[in-house]
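These are the residues of each chain, in order.
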Amino acid sequence: AERHDGPVQRHGVPPPDALYGGVRLDVTPRDAAVYVDGYYAGIVDDFDGALQRVALEPGPHHFEIAAPGLETLAFDVNVRPNQTVRYRGDMLRMVP
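Residues numbered from 1 in each chain as written. Predicted model: local features only at pLDDT ≥ 70, side-chain atom pairs only at ≥ 80, totals over all residues. Heavy atoms only, no water.

(A) Looking closely at the packing of aromatic side chains. Tallying each qualifying case throughout the model produces three aromatic pairs. Taking the centre distance of 5.6 Å and the plane angle of 70° together, the rings of Y35 and Y40 count as edge-to-face. You can call Y35 partly exposed: its relative accessible area is 32%. Taking the relative accessible area as the measure of exposure, Y40 reaches 53% and is therefore exposed. (Phe/Tyr/Trp six-rings, centres within 6.5 Å; stacked < 30°, edge-to-face > 60°. Buried < 20%, exposed > 50% of the residue type's maximum accessible area, 1.4 Å probe, protein only.)

Following this line, the structure appears as structure tokens:
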């Protein structure tokens with residue numbers, strides 16, 4: 001049997017004592033895809049509640065939010081330890 005010398009952490013979930021910050025998203029549509037630093041993170045609905053956020057290491061991070069038929073939202077956030085930033089925005093329809 002395998003022995004663990006501490007709590008088992010899920011991938012992408014920071015340990016409780018880590019200095020992480022976060023970003024909470026208030027964007028429509030809520031099923032739009034969220035990419036952080038070029039990697040898929042989930043959908044807006046995963047990160048829009050009181051206890052939901054994208055947990056990130058402190059420092060600069062690039063976000064892109066994409067949905068079919070809508071212009072991609074792109075923005076940069078400087079994450080600070082133990083703080084959560086809220087980003088609000090509405091995605092616009094692409095103009096043909």
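(B) Structural context of the sheet that holds strand β2 (residues 33-36). Strand order in the open sheet made by the four strands is β3-β2-β5-β6, with antiparallel pairing throughout. Of all strands in the sheet, those with a lone pairing partner are β3 (39-43) and β6 (73-79), marking the two edges. Between one strand axis and the next, the sheet turns through 30° on average, direction left out of account. In the sheet, strand β5 (residues 59-66) pairs with β6 via seven bridges, with the strands oriented antiparallel. In the strand pairing of β6, F63 is matched with F75. (Pairing = 2+ DSSP bridges. Helix = DSSP H or I, 4+ residues; strand = E, 2+ residues; numbered from the N terminus. Axes fitted to C-alpha atoms, helices over the stretch in contact; angles between N-to-C directions.)

(C) The arrangement of the side chain of R24 in detail. With respect to the helices and strands, the residue R24 is situated in strand β1 (residues 21-28). One buried charged side chain, R24, makes no salt bridge at all; its nearest oppositely charged neighbour is D48, positioned 7.8 Å away. Within the local environment of R24, its side chain forms a polar contact with the backbone oxygen of Q52, the two atoms lying 3.3 Å apart. (Lys, Arg positive; Asp, Glu negative; His and termini not counted. Salt bridge = Lys/Arg side-chain N within 4 Å of Asp/Glu carboxyl O. Polar contact = N/O pair within 3.5 Å; in protein donor to acceptor, adjacent residues only side chain to side chain.)

(D) Examining the side chain of H61 more closely. As for its placement among the helices and strands, H61 is situated in strand β5. We classify H61 as buried; its relative accessible area is 11%. Polar contacts involving the side chain of H61 include one to the side chain of D37, which spans 2.6 Å. A polar side-chain atom of H61 sits 2.7 Å from the main-chain carbonyl oxygen of E57.

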